Amino acid sequence: MVEIELDGKKVEVPPGSMVMHAAEKAGTYIPHFCYHKKLSIAANCRMCLVDVEKAPKPMPACATPVTQGMIVRTKSDKAIKAQQSVMEFLLINHPLDCPICDQGGECQLQDLAVGYGGSGSRYEEEKRVVFHKDVGPLISMEEMSRCIHCTRCVRFGQEVAGVMELGMSHRGEHAEIETFLGDTVDSELSGNMIDICPVGALTSKPFRYSARTWELSRRKSVSPHDSTGANLIVQVKNHKVMRVVPLENEAVNECWIADRDRFSYEAVNSEERLTSPMLKQDGEWKTVDWQTALEYVANGLRQVKTEHGAGAIGLLASPHSTLEELVLAGALVRGLGSQNIDARLRHADFSNTAPAGAARWLGMPVAALSSLQRVLVIGSNLRKDHPLFAQRIRQAQRKGAQVNVLNVVAQDWAMPVKNTVLADSSTWVAALAGIAVAIGAETGVAAPVGGHATDAHRAVAKSLLGGEHKAILLGNAAAHHAKASSLLALANWIGQQTGATVGYLTEAANTVGAQLVKAMPGEGGLNAAQMLVGALKAAILLNTEPAEDTAVGAQGLASADMVVTLSPFRTNLDVSDVLLPIAPFTETSGSFVNAEGRLQGFHAVVRPLGDTRPAWKVLRVLGNLLELPGFDADSSQAVLASALPGVANGSVVDATRLSNASSAAIDTAPAEVAPCVASIYQLDGLVRRSTALQLTADARAAQAVEGAAA
């Protein structure tokens, strides 16, 4: 450790640290704009100038390495005058539009101008004006005259998102941040540029001019989309969600969130919201009260049970539902005597289940992705399926990690990929067997199945046999593959031979949680695919839109006597008989278990819209009407305590309940169906209804592919 004196206090920091790091450790604030703890050091704003003893001039704290015995003063006249001079230069061309600026009230420049700016400007010449730019539906660059050229957004693109979409052109007073060639900013992490911009140059286009920051109340929440479980701060005005920004959690999402976490809130305010229960009578939808709707459902379930037996009743639950909703959904179905419940909506191989009471999971902590040295990703469009996991693996690659891929086509992951094995999804098991054979040839251990090793297979094998921290990660397409069991068995063998951990990236916010609370068929029960091909007479759809969320579609539900949809939106109108309006994540309390098995709870941030009710309450009342036991919980916390006793909020569930072990036989014959995988902005009902997200390049590309397929 190196000891320095900072404003009279002794501070110890590791060698190679900068003065800024020492100040952070000592709790001393040094004004800055370009410095950000997650980005490289640029030292171009000069706001952090400090007085270093024996240095002939003030030094930038962010770029001055500490040395033993160094004496630094951050509040001396020399330092203060230097900072004031820099502030004067920064404000020379800055427009005086704080009253109408969207950043007003949370602006670093505004805050520091109060402390270090003058009461007037000595600059009387005309201020420069920078022409506005259109960079897509998410980020507004309408007021680029405010830019102070800190280059945070440029460095974020290069270093975190992996795509340099913004850059600086020209020099001096003529410098501009732009995309060049009129391109749009299309990164799936682009919204973070809004957060890290210290002025009002980059702002949120959907939020723009809708509220002032001091009018907003802030509440913690958790993202309901992918399996990262990103921590959020939801900002609310007049019981309406106005904006979503990241809540820093180093173990989960660091200080970033993906664009779908940030902008999907538009859906909760959309015109597609269902606000009252509805019944279909003679082909017409009629609005009814809750009592009528729930009694209709209860009577219908009793009638189906009497006429066709309990086995004709089934429930399809979205893995984006909360743990509490899934617990009560399972209790409802099983209370009626059926074992037909499933949250594995896009799966094709339903035999690939964890040992009883356990769940398939990431196989390692989320934070450990950043320190991997070797990784093999099987069947995932990593960058789009799991943007924040991809970001962590990108950081590992920047430190020298080798990334290997088995997939159908080569995709741009915004990071160098060491080796790529391309194979049709039907032959992935054979391709993985080729890698296993190559590893066997290197280690002298016979592979579990025969296969042919190509040069590409041998290159992957050689990579996996090097390094220390290694992982084999199975993506959404591997989890939904018709030979998912064989892929996992082979991955486990490769992991044993190379010392790599094996894990699933897992698709949804509660994919792991759904397994833990047994939201899957019991003995003799029907799986999701069997329920969807006409095996049910009464179907309950919890947060599920079969046409979008399943591999099979909704056609098989036409033969059911009653289909009940519990959704925040008017959906499934062609197949449903009852629509029950349930609360999205912003209007209910609940919890999710992310890919690493971390339980994260959240509370409602706004009151339910119209007659909307939290789904756990709807299911509880339905259980009461059916006179089923175990439906007496008076809060979502009570439901959770009964399902996962002893697991504290924010902690990881017991290791014995997380397992990727498999004893399945390996079948290298080609699979008959391609895996069903959702594109980045079709993953769930919320992102599908976010106007801004559906205008992005990723959404348009997915729509073009679907149109071509149709």
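As the structure is a computational prediction, the values presented were derived from the model and not from experiment. (Residues numbered from 1 in each chain as written. Predicted model: local features only at pLDDT ≥ 70, side-chain atom pairs only at ≥ 80, totals over all residues. Heavy atoms only, no water.)

**As for the overall build of the protein**
Check the secondary structure of the protein and you find 22 helices and 27 strands. A compact globule built from 710 residues should have a C-alpha radius of gyration of about 27 Å, and the protein, at 28 Å, falls within 12% of that. Counting every position in the protein, which comprises 710 residues, the buried fraction comes to 59%. Considering only contacts within the protein whose residues lie at least 6 apart along the sequence, 71% involve residues at least 24 apart. Accessible area for the protein stands at about 27800 Å²; split by element, carbon and sulfur atoms hold 52% of it. For the protein, the separation between the mean place of its 64 positive charges and that of its 73 negative charges on side chains is 5 Å. (Helix = DSSP H or I, 4+ residues; strand = E, 2+ residues; numbered from the N terminus. Rg over C-alpha atoms; globule rule 2.2 N^0.38 Å. Buried < 20%, exposed > 50% of the residue type's maximum accessible area, 1.4 Å probe, protein only. Contact = heavy atoms within 4.5 Å. Areas by Shrake-Rupley, 256 points an atom, 1.4 Å probe, with all protein chains shown as cover. Lys, Arg positive; Asp, Glu negative; His and termini not counted. Charge placed at Lys NZ, Arg CZ, Asp CG, Glu CD.)

**Quick look at helix H1 (residues 19–26)**
Those residues of H1 that fall on the buried side of the exposure criterion are Val19, Met20, Ala22 and Ala23. The buried residues of H1 all sit within an arc of 160° when viewed along its axis, so they share a single face. On its buried face, H1 sits against strand E1 (2–6), strand E2 (9–13), strand E3 (49–52) and strand E5 (71–73). At the exit of H1 stands glycine 27, carrying a positive phi of roughly 75°. (Arc of directions from axis to C-beta.)

**Points about the UniProt feature "domain: 4Fe-4S Mo/W bis-MGD-type" (unreviewed entry) in the protein**
Listed under "domain: 4Fe-4S Mo/W bis-MGD-type" (unreviewed entry) in the UniProt record, and renumbered for this structure, are residues 216–272. Within residues 216–272, the helical portion is 9% and the strand portion 35%, while the C-alpha atoms at the span's ends are 25 Å from each other. (UniProt positions renumbered as here; feature names shortened; annotations may be inferred.)

**Some points on the packing of helix H8 (residues 323–335) against helix H18 (residues 615–625)**
One can describe the packing of H8 onto H18 by two numbers: an axis separation of 9 Å at closest approach and a directional angle of 20°. When the axes of H8 and H18 are compared, the pair comes out roughly parallel. Helix-helix and strand crossings are classified by hand; for H8 and H18 the assignment is left-handed. Contact with H8, carried on its side by Glu324, Glu325, Leu328, Ala329 and Leu332, involves Ala615, Trp616, Leu619, Arg620, Leu622 and Gly623 of H18 and no other residues of that element. (Axes fitted to C-alpha atoms, helices over the stretch in contact; angles between N-to-C directions. Parallel < 35°, antiparallel > 145°, perpendicular 65-115°, else oblique. Left-handed = near helix turned anticlockwise from the far one by under 90°.)

**What to know about the pattern of salt bridges**
Scanning all chains against the criterion turns up 31 salt bridges. For glutamate 88, the salt bridge identified is with arginine 122, shortest N-O distance 2.8 Å. Linking glutamate 88 in helix H2 (residues 77–92) with arginine 122 in the loop between helix H3 (108–116) and strand E6 (133–134), this pair joins segments that are 34 residues apart in sequence. Looking at arginine 122, the relative accessible area reads 69%, which means it is exposed. Between glutamate 188 and lysine 384 there is a salt bridge, and its shortest N-O distance comes to 2.8 Å. Here glutamate 188 is found in the loop between strand E9 (176–178) and helix H5 (192–196), whereas its partner lysine 384 is found in helix H9 (residues 382–385), with 196 residues between them in sequence. Using a relative accessible area of 1% as the deciding quantity, one classes glutamate 188 as buried. Take lysine 384: its relative accessible area is 14%, and that puts it in the buried class. Put simply, Glu272, Arg346, Glu507, Glu545, Asp549, Arg688 and Arg689 are held in one network by salt bridges that share partners. (Salt bridge = Lys/Arg side-chain N within 4 Å of Asp/Glu carboxyl O.)

**Quick look at helix H7 (residues 290–308)**
With 19 residues, H7 extends 27 Å from end C-alpha to end C-alpha; this agrees with the ideal 27 Å at 1.5 Å per step. Within the span of H7, buried status applies to Trp290, Ala293, Leu294, Val297, Ala298, Gly300, Leu301 and Val304. Looking straight down H7, one finds that the buried residues subtend no more than 160° of arc, so they occupy a single side. In this fold, the buried residues of H7 make contact with strand E14 (278–281), strand E16 (313–317), strand E23 (538–542), strand E24 (562–567), strand E25 (578–581) and H18. (Expected span 1.5 Å × (residues − 1).)

**So, the packing of H8 against helix H19 (residues 636–643)**
Two elements in contact, H8 and H19, have axes separated by 9 Å at closest approach and are oriented at 70°. With respect to H19, the element H8 is oriented roughly perpendicular. Handedness of the crossing formed by H8 with H19: left-handed. Contacts between H8 and H19 involve Leu323, Glu324, Val327 and Leu328 on the former and, on the latter, Ser636, Val639, Leu640 and Ala643. Split into classes, the residues belonging to the contact of H8 with H19 amount to six nonpolar, one polar and one charged. (Nonpolar A, V, L, I, M, F, W, Y, C, P; charged D, E, K, R; others polar.)

**Considering the UniProt feature "domain: 4Fe-4S His(Cys)3-ligated-type" (unreviewed entry) in the protein**
Following the UniProt record, one finds the feature "domain: 4Fe-4S His(Cys)3-ligated-type" (unreviewed entry) at residues 78–117. Its end C-alpha atoms 16 Å apart, residues 78–117 is made of 60% helix and 0% strand.

**A look at the sheet that holds strand E13 (residues 240–246)**
Judged by pairing direction, the sheet is antiparallel, and its three strands sit side by side in the order E11-E12-E13 without closing on themselves. Only two strands of the sheet have a single neighbouring strand rather than two, namely strand E11 (217–222) and E13. Each neighbouring strand pair of the sheet contributes to a mean axis angle of 35°, computed without reference to strand direction. Sheet analysis places strand E12 (residues 231–237) next to E13, joined by six bridges and oriented antiparallel. Of the residues in E13, the one forming a bridge with valine 234 is valine 244. (Pairing = 2+ DSSP bridges.)

**As for the state of the cysteines**
As enumerated under the stated definition, the model contains zero disulfides in all. Its sulfur unpaired, cysteine 255 is 14 Å from the next cysteine sulfur, which belongs to cysteine 150. Given the relative accessible area of 14%, cysteine 255 is considered buried. (Disulfide = S-S within 2.5 Å.)

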